[in-house]
Amino acid sequence: MSRDPVVDGLRAYAMGGVVLGHWLVTGLVLAPDGSLSQASPLSAMPALAPASWLFQTLGLFFFTAGYASARSMAAHPGGARGWLARRVGRLALPAVALLGTGAAVLLIATVLGTPDATLTVALTLAATPLWFLLPLAALVALTAPLTAAVRRWGPLWCAAPAVVVVGAGDLAARLLPAADGLLPVSVLAAWAVPYLLGLAHADGRLAGRRPAVALVAIGVAGLATLVGGGYPVSAVGVPGAGVSNLNPPSLLAVALAVTQVGVGLFVGPALTRLLRRPLPGRVVGAVNRNAVRVYLWHQPVLVGVTALAARAGGALPGLHTAPDGLPWLAARLCWLPVLAVVLALLLRPRRVADRPAERLGRPVGRVPSGDHPGVR
């Protein structure tokens, strides 16, 4: 069974969007006492909110996860139970490694006298990605019955109850703000929608341009209706805002996910041609092999680089200064290559150990259907 270069390309874009989005909207301000506090450039520059639609790509992440789960479960020789144990293990092991490393770093930082405020920010940013592994693990566990449901009723009818649940959660959050944090079911329901679309795509139900155009039309109509109805424009949370589209995910997050999936499938032929070239194929292949670890480690890299730079050289523009204008954004853009290199170096040892060097240059479309961590 060969891999789908379109799905691999969308997964790489999803990971890139999450990483760049977090690195761009996470400002860490250095105080005179040496502590770090978190701030968002979207608070000072609300005009940038529409750009968050390009970087909030968790919907694509769940779409590609649904596709990969369906394909790998069908090909696994040990049946659904053996596949599930292996799949959940491949999600859990990187998370356990992150927690173990984080605990050791936290102990060292405490001994070195790191301010409590900095430790709090570091723990929050490092732990936040773990929350999204919980709905992913739940959906993976439900892959078999969800696949059967999609085959019987189709993806749209299966997604409709999930959309209703998310809408009910939005309504409850507006009428009963205290219940906002008590609705974890909204998280599972929201990301079930792109996951179901991934299952449908693996079953061949979204082939061709017509389903892609239909998804784009549904998603765009939903986005226009929701923004016009008063939903925040930002696809991510903004400090101080009364309503967030991501915590928990709202109907706008669902509509954005549907739109992104439709656009991704529509540009699939062009994406396939692009990934036949050696360099894009290598980059996408590397991201796919390390998808979960990239997702888990990108925020610790930001905190680590920021904290170490503060100890070495004081406040640096774009890294320790307040995100209050375009000069900060320009400076932060200059830091992105540094953060990317650090993240690549952090992930490099295992990548080399896991895959022989000659396979790193193989084009994405020719990579056999392996069980890469976080991919199959």
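A quick note: this is a predicted structure, and the numbers were derived from the prediction, not measured.

Reading the values: the criteria
- Per chain, residue numbering runs from 1 following the sequence as it is written.
- In keeping with the model being predicted, local features are shown solely for residues with a pLDDT of at least 70 and side-chain atom pairs are shown and tallied solely at 80 or more, while totals for entire chains, interfaces and linings include all residues.
- Heavy atoms from the whole structure form the basis of all side-chain values; hydrogens and water molecules are not counted.
- Starting at the N terminus, helices and strands are each numbered in turn, a helix being any DSSP run of H or I of at least four residues and a strand any DSSP run of E of at least two.
- Residue exposure (1.4 Å probe, protein chains only): buried if accessible area is under 20% of the type maximum, exposed if over 50%, otherwise partly exposed.
- Polar contacts, as used here, are pairs of N or O atoms within 3.5 Å; protein pairs need one atom able to donate a hydrogen and one able to accept it. Residues neighboring in sequence count only if both atoms are side-chain atoms.
- Any two residues whose heavy atoms approach within 4.5 Å are treated as being in contact.
- Per residue, pLDDT measures the predictor's confidence, with a range of 0 to 100.
- The pairing criterion is simple: DSSP has to find at least two bridges between the two strands.
- Pairing of aromatic side chains requires ring centres within 6.5 Å, counting the rings of Phe and Tyr and the six-membered ring of Trp. Pairs whose planes differ by under 30 degrees are stacked, by over 60 edge-to-face, and all others tilted.
- For every element, the axis is a line fit to its C-alpha atoms; helices are fit only across the contacting stretch, and the angle between N-to-C directions ranges from 0 to 180 degrees.
- Small angles under 35 degrees read as roughly parallel and large ones over 145 as roughly antiparallel, with 65 to 115 read as roughly perpendicular and the rest as oblique.
- By convention the crossing between two helices is left-handed if the near helix lies anticlockwise of the far one by an angle smaller than a right angle, and right-handed if it lies clockwise.
- Take a side-chain nitrogen of Lys or Arg and a carboxyl oxygen of Asp or Glu: if they are within 4 Å of each other, that pair is a salt bridge.

Caption draft 1: Geometry of the side chain of Asn245. Position of Asn245 relative to the elements: it lies in the loop between helix H10 (209–228) and helix H11 (251–266). With a relative accessible area of 0%, Asn245 lands in the buried category. Among the polar contacts listed, one links the side chain of Asn245 to the backbone oxygen of Pro232, at a separation of 2.8 Å. Polar side-chain contacts of Asn245 include one of 2.6 Å to the side chain of Ser250. Each residue touching Asn245, except ones within four places of it in the same chain, is listed here: Tyr231, Pro232, Ser234, Ala235, Ser250, Leu252 and Ala253.

Caption draft 2: Structural context of the environment of Val261. Secondary-structure assignment places Val261 in helix H11. Using a relative accessible area of 0% as the deciding quantity, one classes Val261 as buried. Distance from Val261 to Pro194, taken between C-alpha atoms, is 7.6 Å for residues 67 residues apart in sequence.

Caption draft 3: Main features of the confidence of the model for the protein. Taken as a whole, the protein shows an average pLDDT of 85; of its residues, 90% reach a score of 70 or greater. Looking at the elements of the protein, mean pLDDT is at its lowest for helix H16 (residues 357–360), recorded as 40, and at its highest for H11, recorded as 97. Across residues 351–376, confidence stays below pLDDT 50; counting only partners more than four residues off in sequence or on other chains, it has 67 contacts.

Caption draft 4: How the structure looks around the pairing of strand S2 (residues 36–39). Taken together, the four bridges between strand S1 (residues 27–30) and S2 define a ladder with antiparallel strand orientation. Paired with Val29 across the bridge in S2 is Ser37. Where S1 folds back on S2, the antiparallel hairpin that results is connected by five residues, among which Gly34 adopts a positive phi of roughly 90 degrees.

Caption draft 5: Representation of the packing of aromatic side chains. For the coordinates displayed, the defined rule picks out three aromatic pairs. Here the aromatic rings of Phe61 and Phe62 are separated by 5.8 Å at their centres, their planes lie at 90 degrees, and the arrangement is edge-to-face. Residue classification places Phe61 among the buried residues on the basis of a relative accessible area of 4%. Ring geometry for Phe62 versus Trp191: centroids 5.3 Å apart, planes at 5 degrees, classification stacked. Here Phe62 is found in helix H4 (residues 58–75), whereas its partner Trp191 is found in helix H9 (residues 184–202), with 129 residues between them in sequence.

Caption draft 6: Spatial organisation of the packing of helix H5 (residues 79–111) against helix H14 (residues 291–313). One way to put it is that H5 packs onto H14 with a least axis distance of 9 Å and a crossing angle of 20 degrees. Judged by the inter-axis angle, H5 sits roughly parallel to H14. For the pair H5 and H14, the crossing hand works out as right-handed. Contacts from Leu91, Pro94, Ala95, Ala97, Leu98 and Thr101 of H5 reach H14 at Val292, Arg293, Leu296, Trp297 and Pro300.

Caption draft 7: Molecular detail of the pattern of salt bridges. According to the stated counting rule, one finds three salt bridges in the structure shown. As a salt-bridge pair, Arg11 and Asp8 come within 3.0 Å of each other at their nearest N and O atoms. Taken as a pair, Arg11 and Asp8 lie in helix H1 (residues 5–25) at a separation of three residues, close to a single helical turn. Arg11 sits in the buried class, given a relative accessible area of 2%.

Caption draft 8: Structural detail: the side chain of Asn288. Within the fold, Asn288 resides in helix H13 (residues 278–289). For Asn288, a relative accessible area of 2% gives the class buried. There is a polar contact of 2.3 Å between the side chain of Asn288 and the side chain of Arg11.

Caption draft 9: Broad picture of the environment of Ala286. Structurally, Ala286 can be placed in helix H13. The exposure class assigned to Ala286 is buried, which follows from its relative accessible area of 19%.

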